[in-house]
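Below are the chains, spelled out letter by letter.
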Amino acid sequence: MREFGYERAFDVSGAVALLGGEPEARFLAGGTNLVDLMKAGVERPALLIDVRELPLDGVEFTEDGGLRIGSTVTNSDLAAHPEVRRRFPALAQAVLAGASGQLRNMATVGGNLLQRTRCGYFIDLSKPCNKRTPGSGCPALTGEHHNHGILGTSEHCVATHPSDMAVALAAFDAVISYETADGPGELPIDEFYLPVGETPHIETALPAGALITGVTLPQDPVAARSRYRKVRERASYAFAIGSLAAALDVQDDVVSEVRLAFGAVASRPWRARAAEQVLIGRTASAEAFAAAADAELAAAEALPENGYKVTLMRNLVVAVLTELTEEAAR
Ligand SMILES: Cc1cc2nc3c(=O)[nH]c(=O)nc-3n(C[C@H](O)[C@H](O)[C@H](O)COP(=O)(O)OP(=O)(O)OC[C@H]3O[C@@H](n4cnc5c(N)ncnc54)[C@H](O)[C@@H]3O)c2cc1C
Ligand code: SF4
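An account of the accompanying structure is given in this report. (Residues numbered from 1 in each chain as written. Chains lettered and ligands numbered in written order. Predicted model: local features only at pLDDT ≥ 70, side-chain atom pairs only at ≥ 80, totals over all residues. Heavy atoms only, no water.)

### Concerning the site of ligand 1
Next up, step 1: Looking at ligand 1, there are 31 residues lining it, with Phe27, Gly31, Thr32, Thr108 and Asp164 nearest.
Next up, step 2: Ala99 places a polar main-chain atom, nitrogen or oxygen, 3.1 Å from an oxygen atom of ligand 1.
Next up, step 3: The side chain of Gln115 places a nitrogen or oxygen atom 3.4 Å from a nitrogen atom of ligand 1.
Next up, step 4: Put simply, the parts of the chain that give the shell around ligand 1 at least two residues each are α2 (34-40), α7 (109-114) and β8 (211-217).
Next up, step 5: For the shell around ligand 1, the element with the most residues is α7, which contributes four residues.
Next up, step 6: Across the shell around ligand 1, the residue classes tally to 14 nonpolar, 13 polar and four charged. (Near = heavy atom within 4 Å. Polar contact = N/O pair within 3.5 Å; in protein donor to acceptor, adjacent residues only side chain to side chain. Helix = DSSP H or I, 4+ residues; strand = E, 2+ residues; numbered from the N terminus. Nonpolar A, V, L, I, M, F, W, Y, C, P; charged D, E, K, R; others polar.)

Structure follows, in structure tokens:
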């Protein structure tokens, strides 16, 4: 492991200035992903800038009734927050479905958004990997890929984004705020994560040297009737092989509002807008939910070992939307 320096930042501008002064520096939040990658030799920072003392650990109401979540809020505090649980239950459920209690106590919102893929080749320095070393190749295409992507992948990379939290944020049109030496900026989550294309090593549109300061969730009444369902290979402490954040409003048996985002199927949380369009104005039924899933999954490109994800996601959409419909009728 490379020797590295350590600095603790106490204000946002100080953190940004420290990073600007050392091109090989990284922000350190909970360290639950970065430190593992350092141990594996994938990350080799010269300096760690600890951001945990920054005053970004609050959850506040916005003027329009939404929520602004600071980037150093821990996953545990986010999942336990009463307004998150009441108004965005799928978000609380998604966060609680991730990792373990100990990890959630350390992990933060900013770090969760920027955690790297769990593709085994990415963390194995003895193997090529386009995401780690651009142009070196993608062994997952012909190798181990049973938990790799089926939507929006490319011949250069088929890895998935591992975050559960980001899937719920994508369903609710979250906006990510950041600070750079040139001032603050914002990115809607749809634009925050970049399509994989020919550049799998460039994962987000976050400007170089930017510190994520928070995430804003606009007010969205349908989000109060939402659910996150995660499928994994064991009951806890495992990454998703497929997941769904869903919110649904039904008026007189007809779908009036719906939000859908898929997890563990793409290089980024996958907002299922084609499926949403199919459902608006249709009678809420298992047939309609299946047709909506099929519309989204028509673009799926499976590899030999991950075609099961198409069926899995279809079944998830039908099951979760059926549950939400039954709850709306009570
Ligand atoms: C065993 C294990 C199981 C896990 N299971 C799951 C799971 O099921 N679901 C899931 O979603 N996650 C899971 N995780 C991942 C975990 O949630 C992430 O590691 C965690 O959320 C990262 O947050 P952190 O604060 O520790 O980030 P760090 O490790 O500190 O940082 C991660 C990256 O983000 C950057 N960064 C951090 N904060 C900022 C900021 N404010 N601005 C700019 N850059 C920043 C860092 O420089 C680094 O590049 C698991 C992790 C482990 C180790
Ligand atoms: S899928 Fe992506 S991360 Fe995995 S080996 Fe291929 S290029 Fe690397």
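From this point, things continue past the structure.
### Considerations on the sheet that holds strand β10 (residues 240-251)
Next up, step 1: Spatially, β9-β10-β11-β12 is the arrangement adopted by the four strands of the open sheet, whose pairing is antiparallel. The open sheet has two edge strands with one neighbour each: β9 (226-232) and β12 (270-271).
Next up, step 2: Strand direction decides the pairing type here: β10 and strand β11 (residues 254-263), joined by nine bridges, are antiparallel. Bridged to Ala246 within β11 is Leu260. (Pairing = 2+ DSSP bridges.)

### With respect to the packing of aromatic side chains
Two measures describe an aromatic ring pair: the distance that separates the ring centres and the angle between the ring planes.
Next up, step 1: Applying the stated criterion to the full structure yields two aromatic pairs.
Next up, step 2: Both rings, one in Phe88 and one in Phe172, keep their centres 5.5 Å apart while their planes meet at 55°; by these two values the pair is tilted. Here Phe88, found in the loop between α4 (82-87) and α5 (89-96), pairs with Phe172, found in the loop between α8 (165-171) and β6 (175-180); they are 84 residues apart in sequence, far enough to count as distant. There is no split in this pair, since Phe88 and Phe172 are both buried.
Next up, step 3: Taking 4.9 Å as the distance between ring centres and 85° as the angle between the ring planes, the aromatic pair formed by Phe192 and Tyr193 counts as edge-to-face.
Next up, step 4: We classify Tyr193 as buried; its relative accessible area is 3%. (Phe/Tyr/Trp six-rings, centres within 6.5 Å; stacked < 30°, edge-to-face > 60°. Buried < 20%, exposed > 50% of the residue type's maximum accessible area, 1.4 Å probe, protein only.)

Note that every value here comes from positions in space, so none of it alone points to a role or purpose.
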